Every structure is written in structure tokens, then in C-alpha cells.
Amino acid sequence: MIPAAFDYVRPADIGEALRILKEREGEAKILAGGYSLLPLLKLRLAQPALLVDLQSVGGLDGITRTDDDIRIGGRATHARILEDDGLAAVLPIMRDAAAGIGDPQIRNWGTIGGSLAHADPAADWPAVVLALRASFVLRSADGERVVPARGFFLDPFQTGIEPAEILTEVRIPIPPARSGSAYQNLERRAGDFSTVGAAAALTLGADGRISEVGIGLTAVADAAFAATQAEDALRGATPGDELIREAAMAASRQSRPADDAHGPAEYKRAMVTEMTFRALRAALGRAMA
Amino acid sequence: MTTKHITVTVNGEAHEADVEPRLLLVHLLRDTFGLTGTHVGCDTSNCGACTVHVDGRTAKSCTMLAVQADGAEIKTIEGMAAGATLHPLQQSFWDQHGLQCGFCTPGMIMQSAWLLARNPDPSEDEIREGISGNLCRCTGYVNIVKAIQQAAAETRAAAETQTGAAAPAAG
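Caption draft 1: Geometry of the domain arrangement of chain B. Residue and element names in this part refer to chain B. What the domain assignment lists for chain B is domain 1 (4-79) and domain 2 (88-162). In this structure, domain 1 and domain 2 have C-alpha centres spaced 22 Å apart. Contacts between domain 1 and domain 2 engage 14 residues on the former and eleven residues on the latter. Looking at which element gives the most residues to the side of domain 1 that touches domain 2, the answer is strand β3 (residues 51-54), with three residues.

Caption draft 2: Broad picture of the packing of helix α2 (residues 88-95) of chain B against helix α3 (residues 105-118) of chain B. Residue and element names in this part refer to chain B. α3 packs onto α2 with a crossing angle of 125° between their chain directions and a minimal axis gap of 10 Å. Our classification of the angle between α2 and α3 gives oblique. Our pair here, α2 against α3, has a crossing hand that is right-handed. Together, Leu-89, Gln-90 and Phe-93 of α2 and Thr-105, Ile-109, Ser-112 and Ala-113 of α3 make up the contact between the two elements. Grouping the constituent residues of the contact of α2 with α3 by class yields four nonpolar, three polar and no charged.

Caption draft 3: Expanded view of the interface of chain B and chain A. On the side of chain A, 22 residues touch chain B, which itself brings 22 residues to the contact. When grouped by side-chain class, the residues that make up the side of chain B that touches chain A number five nonpolar, eleven polar and six charged.

Caption draft 4: Seen up close, the sheet that holds strand β1 (residues 7-9) of chain A. Residue and element names in this part refer to chain A. One open sheet accounts for three strands, arranged β1-β3-β2; its pairing is parallel. Both edges of this open sheet fall to β1 and β2 (28-31), since each of them pairs with a single strand only. Averaged over all pairs of adjacent strands, the angle between their axes in this sheet comes to 25°, without regard to strand direction.

Caption draft 5: Quick peek at the pairing of strand β6 (residues 135-140) of chain A. All names here are of chain A. Direction of pairing for β6 relative to strand β7 (residues 143-148): antiparallel, over a ladder of six bridges. Along β7, the bridge assignment pairs Ser-135 with Pro-148. The antiparallel hairpin formed by β6 and β7 contains two residues in its connecting segment. Note that β6 and strand β10 (residues 166-173) share five bridges and pair antiparallel. Among the inter-strand pairings, Arg-139 is bridged to a residue of β10, identified as Ile-166.

Caption draft 6: Local environment of α3 of chain B. Residues and elements named next belong to chain B. The end-to-end C-alpha separation of α3 is 20 Å, in line with the 20 Å expected for 14 residues at 1.5 Å each. Burial runs high along α3: twelve of the 14 residues are buried. Buried within α3 we find Thr-105, Pro-106, Gly-107, Met-108, Ile-109, Met-110, Gln-111, Ser-112, Ala-113, Trp-114, Leu-115 and Leu-116.

Caption draft 7: Quick look at the sheet that holds strand β2 (residues 13-19) of chain B. Residues and elements named next belong to chain B. Strand order in this open sheet of five strands is β2-β1-β5-β3-β4, and the pairing throughout is mixed. One side of each edge strand has no neighbouring strand; the edge strands of this open sheet are β2 and β4 (57-60). The average undirected angle you get between the axes of adjacent strands in this sheet is 40°. With two bridges connecting them, β3 and strand β5 (residues 73-75) associate as antiparallel partners.

Caption draft 8: View of the nonpolar core. In this structure, Val-128, Ala-198, Ala-199, Ala-200, Ile-215 and Leu-217 of chain A together with Ala-66 of chain B are the most contacted members of the largest nonpolar core, which totals 138 residues. Non-local contacts of Leu-217 of chain A, meaning those with residues more than four positions away in its chain, are made with Ala-127, Gly-197, Ala-198, Ala-224, Phe-225, Ala-227, Ala-251, Ser-255 and Val-272 of chain A.

Caption draft 9: Expanded view of the domain arrangement of chain A. All names here are of chain A. Domain boundaries in chain A define domain 1 (7-53), domain 2 (63-173) and domain 3 (179-288). The distance between the C-alpha centroids of domain 2 and domain 3 comes to 19 Å. The interface is formed by 25 residues belonging to domain 2 together with 25 residues belonging to domain 3. Mapped by element, the contributors of at least two residues to the side of domain 2 that touches domain 3 are α5 (92-99), α8 (125-131) and β8 (153-155).

Caption draft 10: Quick peek at the packing of helix α10 (residues 241-254) of chain A against helix α11 (residues 265-288) of chain A. Residues and elements named next belong to chain A. Closest axis-to-axis distance for the α10/α11 pair is 8 Å, and the angle between their directions is 135°. The orientation of α10 with respect to α11, classified from their angle, is oblique. You can see that α10 and α11 cross each other, and the crossing is right-handed. Touching Ile-244, Arg-245, Ala-247, Ala-248, Met-249, Ala-251 and Ser-252 of α10 are Arg-269, Val-272, Thr-273, Thr-276, Phe-277, Leu-280 and Arg-281, all from α11. When the residues that make up the contact of α10 with α11 are grouped by side-chain class, the tally is eight nonpolar, three polar and three charged.

Conventions we followed
- In this convention, every chain numbers its residues from 1, walking through the sequence in written order.
- Going through the entries in the order they are written, you letter the chains from A and number the ligands from 1.
- Predicted model: local features are reported for residues with pLDDT of at least 70 only, side-chain atom pairs are reported and counted for 80 or more only, and whole-chain, interface and lining totals are derived from all residues.
- Domain extents, as shown, originate in an automatic or database domain assignment.
- Remark: residues whose backbone-derived C-beta atoms lie within 7 Å of one another are considered to be in contact.
- What counts as a helix is a DSSP run of H or I of at least four residues, what counts as a strand is a run of E of at least two, and both are numbered from the N terminus.
- Between N-to-C directions, angles cover 0 to 180 degrees, with each direction set by a line fitted to C-alpha atoms, over the stretch in contact for helices.
- Comment on the angle field: the value is read as roughly parallel under 35 degrees, roughly antiparallel over 145, roughly perpendicular from 65 to 115, and oblique elsewhere.
- Whether a crossing is left-handed or right-handed is set by the direction in which the near helix is turned from the far one by less than a right angle, anticlockwise for left-handed and clockwise for right-handed.
- For this classification, Asp, Glu, Lys and Arg are treated as charged, while Ala, Val, Leu, Ile, Met, Phe, Trp, Tyr, Cys and Pro are nonpolar and the rest, including Gly, are polar.
- Only strands that DSSP links by at least two bridges are regarded as paired with each other.
- To estimate how far a helix should reach, multiply one less than its number of residues by 1.5 Å.
- To assign burial, the other C-beta atoms lying within 10 Å of each residue's own C-beta are counted, with C-beta atoms placed from the backbone; 20 or more indicates buried, 12 or fewer indicates exposed, and intermediate counts indicate partly exposed.
- A set of buried Ala, Val, Leu, Ile, Met, Phe, Trp, Tyr and Cys residues, joined to one another through C-beta atoms within 7 Å, is what we call a nonpolar core.

Encoded structure:
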């Protein structure tokens, strides 16, 4: 399969990249790892006039830590996230999710920023950043804004990002003590997109109750979403299997899966309950460890 | 359509080409440079038959543009043997019958070489995970796993011999 013709530029820095995106607004697409974009180009589902390759733009692929948050550059690959031991120690959910994305070659090139901006409704990262209440730095030639993950994913392949913006950084609040996080997903075949993916992050208070909790679900609605009804059922409660089973059922009720090749909607709703239950139980185990 | 002038190093040899930006890396390798050892299988980044090394990272060359590789060092199956001596993985795939039709083999070997460079002593699970982006429809993978285990053991043994030989000189 051959893409339709396009032009290609490889800007040397972020300023040049943003200027090109502004000048060619609506015509240009950003190229990061390419493992989401190139299939679209080859199928001619996308026919941009210009690709802006970010590979020479420095400073976009690091993983750093401030007093308040972990900052992951938009061009950080899934492999880099998978292999970062310091990150896995603080946010084990990041390694859980990265390990299941695609296959080793795809993880070598595919990026977290590319995945989030592409917003495939079955992608894994959107569920994770929703659970973690992350935010995104969106830069354009006119400035920078920081937007929360919650509210960013609108519809299949539709987000709150503007055409001339680049998602340069993901910011994840550093969880307090007695926190745990986990990602559980169901794949029909190795390397496949998730049939259902559930991300959970929670914090226990001094009294042993759940003081804060985030749950993100993917592949079971038009876009990844936060299972807020399940979160409400858990917040302030004393954790136990019965409680998290009820919360997982609330998450299932909030999901809107479609019948497709991965299975009928009824099956997927059952799997939302199971994957959410497993993610919550794993997160709880890590919070108590 | 405007073309781009690119320079890539393939198996240690510098190449230049004028290419359309939409040209895929696998077609640059096969059609422009005549290196047909890299295969086009599914053409959808699933099967891994087109796997090559780009600056030391394995990539599916059907899902990378030739212009993305401008300035990069590429290694393909043609760059694995040392003259008439097969690469340990080429030899072990032969010895262990790690192929039947052979279509997946170039990509399988390139991915295995990357895996062993990062993890010289992988478990069977790590091998299976490491080649999970490479599909084989003939073998059922059993002999592929054996071949990778053989190459891993031989490469470790060779490294130990080298270290042993180098030690007195270093001391």
C-alpha cells in the first residue's frame, strides 16, 4: 500500500516545528514514531499535504521528576517508558500498560504523545492518564496551555488538541504515600489492541479507607473515559473484594461498548467488570505493599 | 512531486538516493538498493517480515518512510554474515530447522539479533515475547525458539572465550 503524495520536513527545533504548523495549519500532520500515522496514510484514510517529522527536535523524549509531578516528553517511546525503573517504582501502571502495547518493534518507535494525540478509542495510554488525572502540555507558536486529561478525549480520533499544537509533555502528579496503580487489559491475540482495558490508581488514608481513586477505561466507548460512578462508590470506603466488585460493576454500567470483531457488547461489559476488578485489586495490593 | 535527497548507511556502506517522501523504507531497500532479503509480508506492521535495524533499534520497514531514515545506519539480513561465515543466528536457524518456507526468517533473525544484543541469556518466555511482533505460519515457533537459544548459548560461550583470552593480556 502506497500513501498519497505529501511533502516532508524535519525541523531542527520546536520553534521551527511550531512555526511550520501555524503556517500550514490544516494541511500538516505531525510525525512522531509513525506507527499510527503511517497505517492511516497507507490506507489513505489521512492525506495530509505535509508531514512534520519531530525526530530532530530535542528535549521532547525525556522522563523527569519535579517536586510535584513526573514529566514525560511527548516523543518518549513506549519502550523508554517500559524500561524506566524509577518510573515503574512510583507509577507501576506505566510499565503495566507499556508492556502490552503492540510488539517490541512498535514499542521501539511509537510514542506516548503520538498515541494520546491520535486517540484511537482502543489505545491503552488514554485510560492510564485518565486514571492518574494527568495533564498535557500543548504548545503552539502562540504559546502554551496545560489541559487535564479528563475532558481531552472526545470521540474516536478526536481530542481537544488544536491543529497547530504539539502535545509536548504529559504531567502526572506524584502519588502520595500508600498509593497504588495498575493496568489490566484483555487482548484476543498477542500484540492486538485491547478488547477492554482498565486502569486504576488509588490512595489509602491513615484510617485505611480509600481517600482518592481514579479509574480509566478504554475500548468500551467512543473514547476513553473516567469511570466516575465507580470512583464515587469507592471514595471514602473501606476496601474489600465485595466493594471493588460492586465498583467494577458500576464501571461496566457506565461503559458503552459496541459489537465488533472483538466480541459482542454484552461480553465486553462483562469483561469491563472483570478487568476493572483486577486492576483495582492489583492497585490496592500495591498501595498496601 | 518534489523528491528529497537522502543519505543512508546500509550494512556499513553509504548510499544516496533521490526519493519521494511517500516511499517506504522497505521499498528503498528492495527496489532502489536491490536488497531483497528484507521481505514485505502483511504491509500493515503486523507480521514483522520487513524488520530491519535502524540506528540499532528494530523497526518494521513497511511502517517507516525512507526520508525518516535519512542519516541513519541500517542493518538488514544481507549484513549479518561475515563473508562465507553465517551469523550465529543464521547457522542456528539452519541447525534447528527454525524455518520451513523461510519467508519470515530475515525479519525473525533481525529481531532475534536485537533481542540477544540486549539480553544475551533470555528465558523461553523472554524469547517468545521478544519475537511477538514476528509471525511465522509454518513452524509453530518451537524450532525458532530452539534456534535462538542455540545462538544465545554459542554467543555467550564465544564471549567468555574472548574474555578469557583477553584477561592475561589485560593483566
